[in-house]
Amino acid sequence: MFHRFDYASPIGALTLVSDGAGLCGLYFEQHKPGGPPAGAAEQTDRVIDTARRQLDDYFAGKRRDFDIALRAEGTPFQKRVWALLAAIPFGALRSYGDLARDLGAPSASRAVGAAVGRNPISILLPCHRIVGASGAITGYAGGVERKRFLLALEQEALAPSSPQRLC
C-alpha cells in the first residue's frame, strides 16, 4: 500500500509517496513525465514524516544530505543512473556526458538523459544538478525555474557568510 502527502515547499506543492519502507516518489505539480501512483492513500507515515523534516531543513539551508531509505522503481539501467545522481555532492554540477562516462558508456548521453528524466524521487535523487555539456541549464521534470531555484539554494548555502561589521 502506498501513502501520499502533499508537502508545501518554497517551489510549490510536492507530492511525497511512501510504501512504508522507503520513499518511492517525490513529484512536482504537473510533473513531467508522470506523477504519483493512482490509488495511494492520502495519509502520512513515518517515512513521509522523516522526508518532510529533512526537506524543511534542506529548504532552510540546514541540510546537504538526505538520510532516508529510497525505493525508486525502474530498470536496472535507470537504477544505475539514479545511483550516480545520489552520489553528486551538494552544490556540484555534472553533465549527462559525465554520467555516461562514469557508467563506462561515453556514447550513452541520450540514454542517461532519458533515465534522469524518469527519476521518480526529485530533489533527493538530485537530477537538478545535471546540466548540458556546455553548462547550460536544461529541462527538468518540475520546470527550469524550479531547477534554477534549487541550484541557487545550494550555491547560497555553500557561500561563505558575509563578514559582519563591528560598530
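The structure displayed is predicted, hence computed values, not measured ones.

Conventions we followed
Residues numbered from 1 in each chain as written. Predicted model: local features only at pLDDT ≥ 70, side-chain atom pairs only at ≥ 80, totals over all residues. Heavy atoms only, no water. Buried < 20%, exposed > 50% of the residue type's maximum accessible area, 1.4 Å probe, protein only. Helix = DSSP H or I, 4+ residues; strand = E, 2+ residues; numbered from the N terminus. Pairing = 2+ DSSP bridges. Phe/Tyr/Trp six-rings, centres within 6.5 Å; stacked < 30°, edge-to-face > 60°. Lys NZ or Arg CZ within 6 Å of the ring centre and 35° of its normal. Contact = heavy atoms within 4.5 Å. Polar contact = N/O pair within 3.5 Å; in protein donor to acceptor, adjacent residues only side chain to side chain. Disulfide = S-S within 2.5 Å. Core = buried A, V, L, I, M, F, W, Y, C linked by side-chain atoms within 4.5 Å. Arc of directions from axis to C-beta.

Caption draft 1: Geometry of the pairing of strand β3 (residues 23–28). For β3, the tally of buried residues reaches six of six residues, placing the bulk of the element in the interior. Strand direction decides the pairing type here: strand β2 (residues 12–18) and β3, joined by five bridges, are antiparallel. Paired with T15 across the bridge in β3 is Y27. Where β2 folds back on β3, the antiparallel hairpin that results is connected by four residues, among which G20 adopts a positive phi of roughly 95°.

Caption draft 2: Geometry of the packing of aromatic side chains. The tally for this structure, following the rule as stated, stands at four aromatic pairs. Relative to Y140, the ring of F28 has its centre 5.4 Å away and its plane inclined at 65°; by these criteria the two rings are edge-to-face. Placement of F28 in strand β3 and of Y140 in the loop between β6 (130–131) and α5 (144–158) is noted, with a sequence separation of 112 residues between them. The same class applies to F28 as to Y140, namely buried. Both rings, one in Y58 and one in F90, keep their centres 6.3 Å apart while their planes meet at 85°; by these two values the pair is edge-to-face. Residue Y58 is found in helix α1 (residues 46–59), and its partner F90 is found in the loop between α2 (76–86) and β5 (94–95); the two are separated by 32 residues along the sequence. Like Y58, the residue F90 is buried in the burial classification. Among the aromatic residues, ring-to-ring pairing joins Y58, F59, F66 and F90 into one connected group. The ring of F5 is capped by R52, whose NZ or CZ atom sits 4.3 Å from the centre of that ring.

Caption draft 3: Focus on the environment of Y7. Within the secondary structure layout, Y7 lies in strand β1 (residues 3–9). Taking the C-alpha atoms as reference points, Y7 and A111, separated by 104 residues in sequence, lie 31 Å from one another. In this structure, Y7 is in contact with G12, A13, L14, L16, R52, L55, D56 and F59, ignoring residues within four places of it in sequence. Among the polar contacts listed, one links the side chain of Y7 to the side chain of D56, at a separation of 2.6 Å.

Caption draft 4: Examining the state of the cysteines more closely. Summed over the entire model, instances satisfying the criterion amount to zero disulfides. In this structure C24 is not part of a disulfide, and its nearest cysteine sulfur, from C127, lies 16 Å away. Look at C127 and you get buried, because its relative accessible area is 6%.

Caption draft 5: Region of the structure containing the nonpolar core. Judged by nonpolar contacts, the single largest core of 37 residues is most densely connected at F59, V116 and I123. Tallying contributions element by element places α1 first for this core, with six residues. Those residues in contact with I123 that lie beyond four places of it in its chain are I11, L14, L26, F28, L55, Y58, F59, F66, H128, Y140 and L150.

Caption draft 6: Local environment of α2. Along α2, the positions that sit buried rather than exposed are Q78, V81, W82 and L85. Projected down its long axis, α2 shows its buried positions confined to an angular sector of 100°, all on one face. Elements in contact with the buried residues of α2: α3 (96–102), α4 (109–117) and β6.

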